[in-house]
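Listed below, chain by chain, are the residues.
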Amino acid sequence: MTKNIIISAIAILTLNFGFAQTFQTQIGPSFKKESEKDIYHIVFPSAYGFMTLHHLDNVMMDNTKAMVLTKYDQTMQSIETKTFNLPKLGQRAADLQRVIELDDKLIFLSTSMDKKTGAHQVFAQVYNQKDNSVSAEKVLASIPIEGYSNSGYYQIAVSPNQSKIAIYANMPFEKKMQEKVQAWMYDIELNNLWKHSETLSFESERAYQEETFVSNEGQLYVSKVTDFYKKTRTTHLLKCNGKSFESSVLSADGFQPMDMSLINVTGKPMLVGFFWDGTKGIIKVNSEEGNDNDGAFLYDLSESKITGIHKWNSSLNTSDLKSLEVVDVKVIGDDIFMIGEKRLEKSEFRKNGSTPTMDLDYFYTFGSSVIVNLDTKGTLKSFTPLMGSKLYKNTDKEKGSVAALYLENGLRIFSNNDYIRCDSFFTQNKATFNSPSVRPNGIGTTPYIIPATVSEVKKYNLVYYITNYSDQYWLNKMSW
């Protein structure tokens, strides 16, 4: 297996468009994680330095959930560190759900439930970069519970311009009753704009597949899929403005929306994503193959109509374009660039020789992937195959997927995947990256990039990211 970072540079505007920049990378100090479950992000990138945020992910710890922020100067040397804990409900520490990064603030959204208190709550804490302070927690939403197995659940959505935060709660399940929901809308200063409760026309059950979106104007949308694994699969679209819930059907004959994202196009909220034509039985998510996808679509929410629906063209090898998730969407002028990537997860009991143990190994598939280029009216401009399929195991998951930046003359993709499907396209347009080697344990190697850490400095030709080899990690900055 190759140990090289594959940092691919592509121009979407035309196949013959080249890049003039030469990219230079500086490598900073190395560090080791405190735990294999410790995950890192780069926040507040600037020409004068940046900060890292790290915390333990998906761990069962009732008493403490620590968030650690470290400030670095432009030479990537650490200056100071601040640690704070997520809130508690009773004795249960909240679980981090989302971090919203603004120009000079981080908003930490977390949830916790407690049987003794009889509540399931959403908390917000605000870190202020200017004075290195963390606000007291604020309860954004609360629903009553009687037990952990019948607790209801929350979904959180943030608008494209990060001006609105929506919280959508499915109330605790009640047999033979209709579903009850609540919704809250906040501005970015955490002022409550509205709150609304509703009894829907759906049965109160947990079999629905749902996704929540919010527009820049503060309109809440919920896609709710019934009969998920059947040909009678239907996607309903709920809309709430704080006064009522309206329900319509988003799917249609030959059109079953799959994974999608809400974007803002010329001032209008639109859904962009992938669809299935529904002509054959659908495959379950955790199978070896994944869900079918037949193409891409654009849906105008303000006019409640599909403005573009496009099946894969014959030039694509579509046999592995399944279970596509929307990795990123960028709206640049009259262009919409959507990156979709197959993502599957499975687990197996680890063996000691031929004897199964109680320990699990987790396997993550990333790819195949595709770039869809639409114009803002929904007209298809191109389907571009990107990466082939690659399997990662356990903690190597962080090396999977891609990061995308739109620089001044093209879209650039950062990935460790060395199976590039469009070889001639990449060969013609690959730019020069200087990826310095390091010598852990005296062995010269080029570390892997961690795509989720790629962070661009706006208005500067500068990008920060983290790389990894073995148990060591390095801070990096790239300029051009």
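Not measured: the values here are computed from a predicted model. (Residues numbered from 1 in each chain as written. Predicted model: local features only at pLDDT ≥ 70, side-chain atom pairs only at ≥ 80, totals over all residues. Heavy atoms only, no water.)

Soluble, globular proteins show a tendency: their nonpolar side chains are buried together. Counting 20 residues, the largest nonpolar core has Ile107, Leu109, Leu140, Tyr154, Ile165, Ile167 and Trp184 as its most contacted members. Those elements giving two or more residues to this core turn out to be β10 (105–114), β11 (119–128), β13 (138–144), β14 (153–158), β15 (164–170) and β16 (178–187). Filtering out sequence-adjacent residues up to four positions away, Tyr154 remains in contact with Thr111, His120, Gln121, Val122, Ala141, Ser142, Ile143, Ile167, Tyr168, Ala169 and Trp184. Listed in part, the 19 residues of the second largest apolar core include Ile263, Leu316, Leu321 and Leu374. (Core = buried A, V, L, I, M, F, W, Y, C linked by side-chain atoms within 4.5 Å. Buried < 20%, exposed > 50% of the residue type's maximum accessible area, 1.4 Å probe, protein only. Helix = DSSP H or I, 4+ residues; strand = E, 2+ residues; numbered from the N terminus. Contact = heavy atoms within 4.5 Å.)

Turning next to the pattern of salt bridges. Tallied over the full model, the rule gives 24 salt bridges. Across the salt bridge formed by Asp471 and Lys32, the nearest N and O atoms sit 3.3 Å from each other. Here Lys32 lies in the loop between β2 (22–31) and β3 (38–46) and Asp471 lies in the loop between β36 (462–469) and β37 (472–479), a separation of 439 residues in the sequence. A relative accessible area of 38% means that Asp471 is categorised as partly exposed. Here Lys65 and Asp95 are joined by a salt bridge, their closest N and O atoms 2.4 Å apart. With Lys65 in the loop between β4 (49–56) and β5 (66–73) and Asp95 in strand β9 (residues 95–101), the pair connects residues that are 30 residues apart, well separated along the chain. Overall, the relative accessible area of 8% leaves Lys65 in the buried class. Classification of Asp95 as partly exposed rests on a relative accessible area of 36%. (Salt bridge = Lys/Arg side-chain N within 4 Å of Asp/Glu carboxyl O.)

Enumeration over the complete set of coordinates arrives at 14 aromatic pairs. Taking 5.0 Å as the distance between ring centres and 80° as the angle between the ring planes, the aromatic pair formed by Phe255 and Phe297 counts as edge-to-face. Placement of Phe255 in the loop between β21 (245–249) and β22 (256–265) and of Phe297 in strand β24 (residues 295–300) is noted, with a sequence separation of 42 residues between them. Ring centres of Phe366 and Tyr392 lie 5.9 Å apart, and the angle between their planes is 70°; this geometry places the pair in the edge-to-face category. (Phe/Tyr/Trp six-rings, centres within 6.5 Å; stacked < 30°, edge-to-face > 60°.)

Turning to the pairing of strand β6 (residues 78–85), a few remarks are in order. In this structure, β5 lies alongside β6, joined through seven bridges in antiparallel fashion. Following the sheet pairing, Met67 is matched in β6 by Phe84. The hairpin turn running from β5 into β6, its antiparallel successor, is four residues long, and Met76 in that turn takes a positive phi close to 65°. (Pairing = 2+ DSSP bridges.)

Per-residue confidence for the chain gives a mean pLDDT of 86, with 87% of residues at or over 70. In this model residues 1–19 is a low-confidence stretch, pLDDT under 50, and it forms 75 contacts with partners more than four residues away in sequence or in other chains. Residue range residues 420–434 is modelled with pLDDT below 50. Its contacts to residues more than four positions away, or to other chains, number 46 contacts. (pLDDT = per-residue confidence, 0-100.)

Here we take up the environment of Asp328. Tracing the chain through its elements places Asp328 in strand β26 (residues 324–332). On the basis of relative accessible area, Asp328 is assigned to the partly exposed category, the value being 23%. When the C-alpha positions of Asp328 and Ile371 are compared, they lie 9.7 Å apart, and in sequence the two are 43 residues distant. Here Asp328 is in contact with Phe337, Met338, Ile339 and Ala404, once residues within four sequence places are set aside. Within the local environment of Asp328, its side chain forms a polar contact with the side chain of Lys330, the two groups lying 3.1 Å apart. (Polar contact = N/O pair within 3.5 Å; in protein donor to acceptor, adjacent residues only side chain to side chain.)

Turning our eyes to something else, we now look at the environment of Leu316. Tracing the chain through its elements places Leu316 in the loop between β25 (305–311) and β26. The spacing of Leu316 and Val370 is 54 residues in sequence and 9.4 Å in space, taken between C-alpha atoms. For Leu316, the contacting residues outside a window of four places in its chain are Leu321, Phe383 and Pro385.

A few words now on the sheet that holds strand β18 (residues 209–214). Spatially, four strands are ordered β18-β19-β20-β21 in an open sheet, and the strand pairing comes out antiparallel. Edge positions in the sheet fall to β18 and β21, since each has one partner strand and no second. Adjacent strand axes in the sheet meet at a mean angle of 20° when their direction is disregarded. Two strands pair when backbone bridges link them, and strand β19 (residues 220–226) and strand β20 (residues 234–240) are joined in this way by seven bridges, in the antiparallel orientation. Opposite Lys224, over in β20, you have His236 as the bridge partner. (Axes fitted to C-alpha atoms, helices over the stretch in contact; angles between N-to-C directions.)

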